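Coordinate analysis (summary)
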Amino acid sequence: MDAGELKNGRVAHESSLVPNGRRTRSQAASEASSAVSVPRRSTRLTSTSASSSAEPPERPRSRARRTKLDVRTPSDEAVIAQGGTSQVAVNPVLKAFQDAGFQSISWRDNRKPIATEFAPLTQLAKDIPHELHDRLNSLSLSSRLAGNMQVLVFEAEMRANTAEDEPYAPPIRVVNEVDDEPTPPLEFFYSNQMWHGEGVPKPDHTNLRGCDCVGPCDPLSKTCACVKRQSEYNWDRGGFIYDRKGKLRAHEYPIFECNMNCACSEDCMNRVVQHGRQHEIAICKTPNKGWGVFAGSKKIPANSYIGLYAGEYLTDSEGETRGMIYNKFGRTYLFDLDFWYLNKDGTETNKYCIDAYHAGNNHSCDPNCTINACYINEGNLDKPLLTIFTCRDVEPYEELCFSYFGPMDDEPGSELPKGAPDDAVYVKCQCGAAICRGTMWK
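Residue numbers run consecutively from 1 along every chain, following the written order of its sequence. The predicted origin of the model limits local features to residues at a pLDDT of at least 70 and limits the giving and counting of side-chain atom pairs to 80 or more, whereas totals for whole chains, interfaces and linings rest on all residues. Note that the side-chain values use all heavy atoms of the structure and ignore hydrogens as well as water.

1. Brief notes about the overall build of the chain
- Working definition: helices are DSSP H or I runs of at least four residues, strands are E runs of at least two. Numbering for both runs from the N terminus. Looking only at helices and strands, the chain features eight helices and 12 strands.
- Considering only residue pairs separated by 6 or more positions, the chain has 77% of its internal contacts joining residues 24 or more positions apart. Throughout, a contact is declared for two residues whenever any of their heavy atoms are within 4.5 Å.

2. A short note on the sheet that holds strand β6 (residues 290–295)
- Spatially, the three strands line up as an open sheet ordered β2-β5-β6, and their pairing is mixed. The open sheet terminates on both sides in strands that have one partner only, identified here as β2 (173–175) and β6. Taken over all neighbouring pairs, the strand axes of this sheet differ in orientation by 25 degrees on average, direction set aside.
- When β2 meets strand β5 (residues 281–286), the two strands line up parallel, connected through three bridges. Opposite valine 175, over in β5, you have cysteine 284 as the bridge partner.
- Across the sheet, helix α6 (residues 149–162) is in contact with β2 and β5; its angle to β2 comes to roughly 145 degrees. Note: two strands are recorded as paired if DSSP finds a minimum of 2 bridges between them. For helices, the axis comes from a line fit to the C-alpha atoms of the stretch in contact; other axes are also lines fit to C-alpha atoms, and the angle between any two N-to-C directions lies between 0 and 180 degrees.

3. Regarding the sheet that holds strand β11 (residues 369–375)
- Here four strands make up an open sheet; going across it, the order is β4-β11-β12-β7 and the pairing mixed. Bordering the open sheet on either side are β4 (255–256) and β7 (305–308), each of which pairs with just one other strand.
- Summarising the sheet, β4 and β11 pair through two bridges and their orientation is parallel. Within the sheet, the bridge partner assigned to phenylalanine 256 lies in β11 and is tyrosine 375.

4. Thoughts on a nonpolar patch on the surface
- Patch membership is restricted to residues that have no salt bridge and whose relative accessible area is over 30%. Joining uses 9 Å for like charges and 5 Å for the nonpolar side chains Val, Leu, Ile, Met, Phe, Trp and Tyr. In these tables, accessible area is a Shrake-Rupley quantity obtained with a 1.4 Å probe, and a residue counts as shielded only by the protein chains included in the view. When a carboxyl oxygen of Asp or Glu lies within 4 Å of a side-chain nitrogen of Lys or Arg, that pair is called a salt bridge. A surface patch of nonpolar side chains, amounting to about 330 Å² of accessible area, comprises Val93, Phe97 and Phe102.
- When you line up the elements, phenylalanine 102 lands in the loop between α2 (92–99) and α3 (107–117).
- In this structure phenylalanine 102 comes out as exposed when scored by relative accessible area, which is 53%. Residue exposure (1.4 Å probe, protein chains only): buried if accessible area is under 20% of the type maximum, exposed if over 50%, otherwise partly exposed.

5. Overview of the environment of aspartate 316
- As for its placement among the helices and strands, aspartate 316 is situated in helix α8 (residues 316–328).
- Along the sequence, aspartate 316 and isoleucine 354 sit 38 residues apart, while their C-alpha atoms lie 9.3 Å from each other.
- At 3.1 Å, the side chain of aspartate 316 forms a polar contact with the side chain of asparagine 350. For this analysis, a polar contact is any N or O atom pair within 3.5 Å, provided that within protein one partner can donate a hydrogen and the other can accept it, and provided that sequence-adjacent residues contribute only side-chain to side-chain pairs.

6. Overview of the pairing of strand β10 (residues 352–355)
- Neither face of β10 is left uncovered, since the one carrying Tyr352 and Ile354 and the one carrying Cys353 and Asp355 both have all their residues buried.
- Direction of pairing for strand β9 (residues 334–336) relative to β10: antiparallel, over a ladder of three bridges. Paired with leucine 334 across the strands is aspartate 355, a residue of β10.

7. Notes on the pairing of β6
- With six of six residues buried, β6 is to be regarded as a mostly interior element.
- The pairing of β5 with β6 spans six bridges and is classified as antiparallel. Looking across to β6, one finds that cysteine 284 is bridged to glycine 292.
- Hairpin connection between β5 and β6: a loop of three residues separates the two successive antiparallel strands.

8. Looking at the packing of aromatic side chains
- Paired rings are identified among Phe, Tyr and Trp, the last through its six-membered ring, by centres lying within 6.5 Å, and are further divided according to the angle between planes into stacked (under 30 degrees), edge-to-face (over 60) and tilted (the rest). For the structure on display, the rule yields 12 aromatic pairs.
- Pairing tyrosine 341 with tyrosine 375 gives two aromatic rings, centres 6.3 Å apart and planes at 75 degrees, and the pair type is edge-to-face. Of this pair, tyrosine 341 sits in the loop between β9 and β10 while tyrosine 375 is found in strand β11, placing the two residues 34 residues apart along the sequence. Judged on exposure class, the residue tyrosine 341 and its partner tyrosine 375 are both buried.
- Members of the aromatic cluster, joined through ring pairs, are Tyr233, Phe256, Tyr309, Phe335, Phe339, Trp340, Tyr341 and Tyr375.
- Placement of a charge over a ring requires the Lys NZ or Arg CZ to be within 6 Å of the ring centre, with the centre-to-atom vector within 35 degrees of the ring normal. Across from the ring centre of tyrosine 313, 5.3 Å away, lies the NZ or CZ of lysine 383, which sits over that ring.

Right under this line is the structure:
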């Protein structure tokens, strides 16, 4: 496979790729009836293969609940009514502003407008940085290799790009024990940001719902808005989709994390993806498949969060145009946002896709990772984040992969379009798995 196999530093998800167009529906959780999709001529990853066909065994959950002591205290109004003095100290500066006609606001009472005002800025695809890469490309190979400079700059850039959103994540190392190529192609840009292409709307904060919980959310709560929202999408196991250790309980459902409009604390169990990667990974060159993403020196447990399949949001029509070009030189980084719960009235439609052109991924017929749709600070269901979770234990230094073909129990796809096998993307599978099909496409 092409040396650009590693996209955005993200490991790829388990997707059912149909070279002539859309892939099959998720076999696990969709209650919507399957619809016949219009075939594409470009190979594009779709949400069908993003879900695992076999659910991991549910971990036992403790039903113990913390008891909060109720302490009765006389209200300030009652104290003042009886001639006493209020127990609450009045801030003289705040009182002066209130007397002057300014409105007093608090996070508890005004958190939604405050959160919207200070929400993250929308990143536009036209602003993806490239100056550093241009400077490196202008140097001779001997200059870039001197003192291991290109590798050191590459690793430093990845740390800088993620310092704000995952400051405690283990650093990512670049390793090549195969040949003398120092790093993945310099077009590679590792970031946890989602970049909005032409015609893609900004994040919807108006319809973003938040909970009113005090402290961490209780998954057994009957009033938590986030528990209720998770249950709206065929989730009948109760509580959140995460267990108390932050592990995913099932791979077939959309994830709704607590967001910027929620009153709960930062240590809420329903905040996993937003706290960033916790496990060590490395970007390594492979003998036959270009660059790939590998586990570090420690085992990664099943159902653990690994990272985002980040890239550029595109309209569906722009994705099709790019897909025809990518096929010619072996790119496979377009992922259709066509998850089962987005299909209206049994009709398979998708408005957007994600192009992770600036990074890479590797296929395996026996994958250890899946892709799951996740929503945090986005009220538009058509624009989920694509989150990568392990679907089984991953041994130290094992490659992290997903399947372009989809789950093993998926029905066969339609035949390849005429002339398509001549494109560079249609190569023999090199995954080396015991159950390898010999091809990456249906």
